[in-house]
Amino acid sequence: MGRKEDLEQNIRESYELIGRYEEILRLSSDPKEKTRAQRTINEQRGLIEEWTEEYLRLGGSALPDHMTDIAGSPPESGTVASPASGSLSVEPQKPVPWLGYFFVALLGLDLVLIVVLGWRFLSDQPALLSYLEVVIGILGLGSAVVLAVVAIQRKMSVAGILHWLGTNRLLQVAIAVITIALLTVVLWPQRSRTSDLAPPLQPAGSQPAEVKTTPVITSTASIAPVTTRWAGPCNIESLEAEPPSPQPVGGLVIFKIRGTCESGVRAIRLLINDEWYDEKGGHIAPAEEFVPTWSTKDLSSGDYRITAEVATWRDDDWQFAASQTLTYTLIAPPFDNGNP
């Protein structure tokens, strides 16, 4: 069956459906049922208009006789064929629903948001981009392409496209959901930049952080953690050292840090004597846990201030980070056969 035969069958079925719903309008006393019937009639009339225009483009300048029996005379400019009980008449063409213009604007906004996501992807490391952004960006772009292909295949006019967007409820819901999803991922706090996860530059010729670290001279050594919190969405839940303080110089110390944020963890870092030592970005699972290792080789004995900090998204400068601090004591290593 060719396309013209498909259009003939579609037009016949739509007119039959309109006739049944017009009967409901005449006989029903339920306002809701009559509203649903009128909405269906309007939708079918819009479809008949599109199919009739396409049929005329495929078949020439006039409808054949057997199609005239179905759809009445060919629609003139500014008119549309519509059925009445037992006969067909020509009535003025209905204006394009305002929702059509609204959803065209939403589609334009979707394309802009997709461009923003693409720019963000290309300007940052892909590993730092949420998989959710990638999926929603592809979904939005794919939906726009599908709509364009359908409109081209149906050879829809601008008015037909606006009418389609203004009356098709399923299509409207899909566009609204995609727009909300795109707005959510674009306006959501951005992930940390690559510079946030790299250690600070050291002066030329300086030694690594673990060698450069110097002990803090204090009169007393307190092992109990000291917690400082910003009254915001983050919290350091635990900071533990294994093995516990004190320990001889030269060994390895493993710190177990757990931090949480209401809006998600951007990064957790470890400071030793208020100097950056190590850091983990929130894109590395599990985001709330960080287990760095501290080498005490070549360090001096004494007390070291260990600080764990956690920051949420957009707090790139750690201004509102939650922190917890403890003091770790290194003692001189034992002598071996009287030699240090």
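Our subject is the structure listed above.
Basis of the calculations
Residues numbered from 1 in each chain as written. Predicted model: local features only at pLDDT ≥ 70, side-chain atom pairs only at ≥ 80, totals over all residues. Heavy atoms only, no water. Patch = residues over 30% accessible without salt bridge, like charges linked within 9 Å, V, L, I, M, F, W, Y side chains within 5 Å. Areas by Shrake-Rupley, 256 points an atom, 1.4 Å probe, with all protein chains shown as cover. Salt bridge = Lys/Arg side-chain N within 4 Å of Asp/Glu carboxyl O. Lys, Arg positive; Asp, Glu negative; His and termini not counted. Charge placed at Lys NZ, Arg CZ, Asp CG, Glu CD. Helix = DSSP H or I, 4+ residues; strand = E, 2+ residues; numbered from the N terminus. Expected span 1.5 Å × (residues − 1). Buried < 20%, exposed > 50% of the residue type's maximum accessible area, 1.4 Å probe, protein only. Disulfide = S-S within 2.5 Å. Core = buried A, V, L, I, M, F, W, Y, C linked by side-chain atoms within 4.5 Å. Contact = heavy atoms within 4.5 Å. Phe/Tyr/Trp six-rings, centres within 6.5 Å; stacked < 30°, edge-to-face > 60°.

Quick notes on a positive patch on the surface
Part 1: The grouping of K32, R36, R39 and R169 at the surface amounts to a positive patch.
Part 2: The biggest single contributor to the positive patch is helix 2 (residues 31–59), with 3 residues.
Part 3: As for its placement among the helices and strands, R39 is situated in helix 2.

Regarding helix 1 (residues 3–27)
Part 1: Over its 25 residues, helix 1 extends 36 Å from the first C-alpha to the last, a length consistent with the 36 Å expected when each residue adds 1.5 Å.
Part 2: For helix 1, every residue scored as buried is listed here: L7, E8, I11, S14, Y15, I18 and E22.

Some remarks on unusual backbone geometry
Part 1: Of note, the bond from E242 into P243 is cis; its omega dihedral lies within 30 degrees of zero at 0 degrees.
Part 2: S245 connects to P246 through a cis peptide bond whose omega is -5 degrees.
Part 3: Summarising the element assignment, P246 is placed in the loop between strand 4 (234–242) and strand 5 (247–248).
Part 4: Its identity as a non-glycine residue notwithstanding, N273 has a phi of 55 degrees, on the positive side.
Part 5: When you line up the elements, N273 lands in the loop between strand 7 (265–272) and strand 8 (275–281).
Part 6: At D274, a position not held by glycine, the phi torsion is positive, near 65 degrees.
Part 7: Inspection of the secondary structure assignment puts D274 in the loop between strand 7 and strand 8.

Quick notes on the state of the cysteines
Part 1: Under the definition given, this model contains 1 disulfide.
Part 2: The disulfide partner of C234 is C261, and the gap between their sulfur atoms is 2.0 Å. Torsion about the S-S bond of the C234 and C261 cystine: about 105 degrees, corresponding to right-handed handedness. Residue C234 is located in strand 4, and its partner C261 is located in strand 6 (residues 252–261); the two are separated by 27 residues in the primary sequence.
Part 3: Relative accessible area serves as the criterion here: at 6%, C234 is assigned to the buried category.

Quick word on the nonpolar core
Part 1: Formed by 26 residues in total, the largest nonpolar core has its most connected members in F255, I257, W294, I306, V310 and Y328.
Part 2: Broken down by secondary-structure element, the contributors of at least two residues to this core are strand 4, strand 6, strand 7, strand 11 (302–312) and strand 12 (322–331).
Part 3: Those residues within four positions of I306 in sequence are excluded, and the remaining contacts are L239, F255, L270, L271, I272, W294, Q324, T325, L326 and Y328.
Part 4: Of all hydrophobic cores here, the second largest spans 10 residues; its members include L147, M156, W164 and L171.

Description of the packing of aromatic side chains
Part 1: Inspection of every chain in the model, using the stated rule, returns 4 aromatic pairs.
Part 2: Ring geometry for W294 against Y304: centres 5.4 Å apart, planes inclined by 65 degrees, an arrangement best described as edge-to-face. Of this pair, W294 sits in strand 10 (residues 293–295) while Y304 is found in strand 11, placing the two residues 10 residues apart along the sequence. One exposure class covers both W294 and Y304, and it is buried.
Part 3: Where W294 meets Y328, the ring centres are 5.9 Å apart and the plane angle is 85 degrees; that geometry is what we call edge-to-face.

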